[in-house]
Amino acid sequence: MGDVLAGFHAAWEFDSDSVLIRYERGIRTPKLFQALGERRIPLEAVAGVTLAPGRRGTVVLRIEPRPGADPLMEAAAGQLKDGSDPYRLVLPAERETLAEYYADELRALLTESGPAERHLVSAPDTPLHFKAYDGRASFDGESVSFRWSWTGASSAKWKAGDQSFPVGELCGVEWRSPEVFEGHLRLLHRDEPASSPQADQDPAAVVFGLGYGPVHESLPFAAAVLAAARTTAPVPAVASAAVRRDPADIADRIRHLGELHRAGLVTDEEFSVKKAELLAEL
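Residues numbered from 1 in each chain as written. Predicted model: local features only at pLDDT ≥ 70, side-chain atom pairs only at ≥ 80, totals over all residues. Heavy atoms only, no water.

Student: Which parts of the structure should I look at to understand the layout of surface pockets?
Tutor: A probe matching the size of a water molecule, rolled over the atoms, marks out where space remains unfilled. For the second largest pocket, the calculated volume is near 430 Å³. Counting only elements with at least two residues in the lining of the second largest pocket, the list comes to strand E6 (58-65) and strand E7 (88-92). Considering only residue class, the lining of the second largest pocket consists of six nonpolar, four polar and five charged. (1 Å grid on protein atoms, 1.4 Å probe; cavity = no way out; pocket = protein on both sides within 12 Å on 5 of 7 lines; lining within 4 Å. Points joined across faces, edges and corners; volume = space filled by probe spheres on them. Helix = DSSP H or I, 4+ residues; strand = E, 2+ residues; numbered from the N terminus. Nonpolar A, V, L, I, M, F, W, Y, C, P; charged D, E, K, R; others polar.)

Here is the structure:
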């Protein structure tokens, strides 16, 4: 079609095989939209199109993605609020007839339905990172790293040390929105046990809090990890090479470990073992 339909916070450009969604940048634009920038949605990833009345004199045109077609929506698992739904285009009510025209045009081009066998919408680009309540999460496209914070991380995570997970060892993610109680991001291993510890005790998870792990940072991160895990073959089990750390960083960690030991949160044996591991990284 080649036409453009502009609404509040976004504009849709219609092509013969896809819809290019460009999100506005501005104070009133949801931060998730700003983080996404733009997204091309292939028509094979679309199950349907709806048009419904919105709030305060608006109508909402929405693309319904096929289950499993978009890693962002798969990671979100239905937790996004309407205002942060990247598939909604809000228009003034007087443009309802025009919106209905484009909805009909799109419907006529759709040929697929049901769950998608693979991701059809591109994941957010890497590298990505965000600050969680108990640490900092980073993803370079090949591995996910968690580096624990001094103040937020539990003693269980400090005992385990900073973590690095090659995506070949992962089968997915579990994202719980920071806008609900006890939000977190957990990495799911291919050989994950049936039950997992609480997120604040799990070295494969970071927890969210007020201002930590916001949706516009943690959800694109989760989607990128999910997409990479689905397309990366499992890595063979090999002995990992020792990574040399900054001596000052090691000294800080040993000092904090000593504080945990004096507070009775770490046993004598655990203190000795972990201290030896940290010294071995020099």
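Picking up after the structure, the text goes on.
Student: Would you mind going over the sheet that holds strand E5 (residues 46-53) with me for this structure?
Tutor: Note: strands within a sheet are paired through backbone hydrogen bonds, in either parallel or antiparallel orientation. Read across the sheet, three strands follow the order E5-E6-E7 without closing on themselves; strand pairing throughout is antiparallel. For this open sheet the edge positions go to E5 and E7, each flanked by a neighbour on one side alone. Going from strand to strand, the sheet's axes swing by 15 degrees on average, the running direction of each strand aside. Sheet analysis places E5 next to E6, joined by seven bridges and oriented antiparallel. Residue pairing for E6: Thr-50 is matched across the bridge by Arg-62. Against the sheet, helix H3 (residues 96-109) touches E5, E6 and E7, its axis set at about 165 degrees to E5. (Pairing = 2+ DSSP bridges. Axes fitted to C-alpha atoms, helices over the stretch in contact; angles between N-to-C directions. Contact = heavy atoms within 4.5 Å.)

Student: How should the nonpolar core be read in this particular structure?
Tutor: As a rule of thumb, nonpolar side chains are buried together in soluble globular proteins. Membership of the largest hydrophobic core comes to 67 residues, with the highest contact counts inside it found for Leu-61, Leu-185, Leu-219 and Phe-221. At 10 residues, helix H5 (residues 215-231) tops the list of elements feeding residues into this core. Each residue touching Leu-61, except ones within four places of it in the same chain, is listed here: Leu-5, Trp-12, Val-49, Thr-50, Leu-51, Tyr-87, Arg-88, Leu-89, Leu-91, Ala-99 and Ala-103. (Core = buried A, V, L, I, M, F, W, Y, C linked by side-chain atoms within 4.5 Å. Buried < 20%, exposed > 50% of the residue type's maximum accessible area, 1.4 Å probe, protein only.)

Student: Honestly, the side chain of Ser-149 in this entry has me stumped. Any pointers?
Tutor: Mapped onto the fold, Ser-149 is located in the loop between strand E10 (143-148) and helix H4 (155-160). Ser-149 sits in the buried class, given a relative accessible area of 18%. In this structure, Ser-149 is in contact with Tyr-133, Asp-134, Gly-135 and Trp-158, ignoring residues within four places of it in sequence.

Student: Explanation requested: the pairing of E7 in the structure shown.
Tutor: Within a regular beta strand, the side chains point alternately toward one face of the sheet and then the other, so they alternate between its two faces. With respect to burial, E7 is a largely interior element, four of its five residues being buried. The pairing of E6 with E7 spans five bridges and is classified as antiparallel. Considered in E7, the bridge of Leu-61 is made with Leu-89.

Student: Help me understand the pairing of strand E2 (residues 10-14), please; the structure alone is not making it clear to me.
Tutor: Only one face of E2 is buried: it carries Ala-10, Trp-12 and Phe-14, and the other face, with Ala-11 and Glu-13, is open. Sheet analysis places strand E1 (residues 4-6) next to E2, joined by three bridges and oriented antiparallel. Looking at E2, one finds that Leu-5 is bridged to Trp-12. Counting the residues in the hairpin turn of E1 and E2 gives three residues, including His-9, whose phi is positive at 75 degrees. Looking at chain direction, E2 and strand E3 (residues 18-23) are connected through five bridges and run antiparallel. What sits directly across from Ala-11, in E3, is Arg-22. Joining the antiparallel neighbours E2 and E3 is a turn of three residues.

Student: Help me understand the pattern of salt bridges, please; the structure alone is not making it clear to me.
Tutor: A pair can form between side chains of opposite charge whenever their charged atoms are brought close. Counting across every chain of the model gives 12 salt bridges. Residue Asp-85 is joined to Arg-62 by a salt bridge in which the shortest nitrogen-to-oxygen separation is 2.7 Å. Here the residue Asp-85 occupies a position in the loop between helix H2 (71-76) and E7, and Arg-62 occupies one in strand E6, the gap between them amounting to 23 residues. Exposure remark for Asp-85: the relative accessible area of 8% places this residue in the buried category. Note on Arg-62: relative accessible area 22%, which makes it partly exposed. The salt bridge involving Asp-104 is made with Arg-107; its shortest N-O contact spans 2.7 Å. Remark: Arg-107 and Asp-104 occur in helix H3; sequence separation between them is three residues, near one turn of the helix. On the basis of relative accessibility, which here comes to 40%, the residue Asp-104 falls in the partly exposed class. Since its relative accessible area comes to 34%, Arg-107 is described here as partly exposed. (Salt bridge = Lys/Arg side-chain N within 4 Å of Asp/Glu carboxyl O.)

From the geometry alone we can't say anything about function, so treat these as descriptive.
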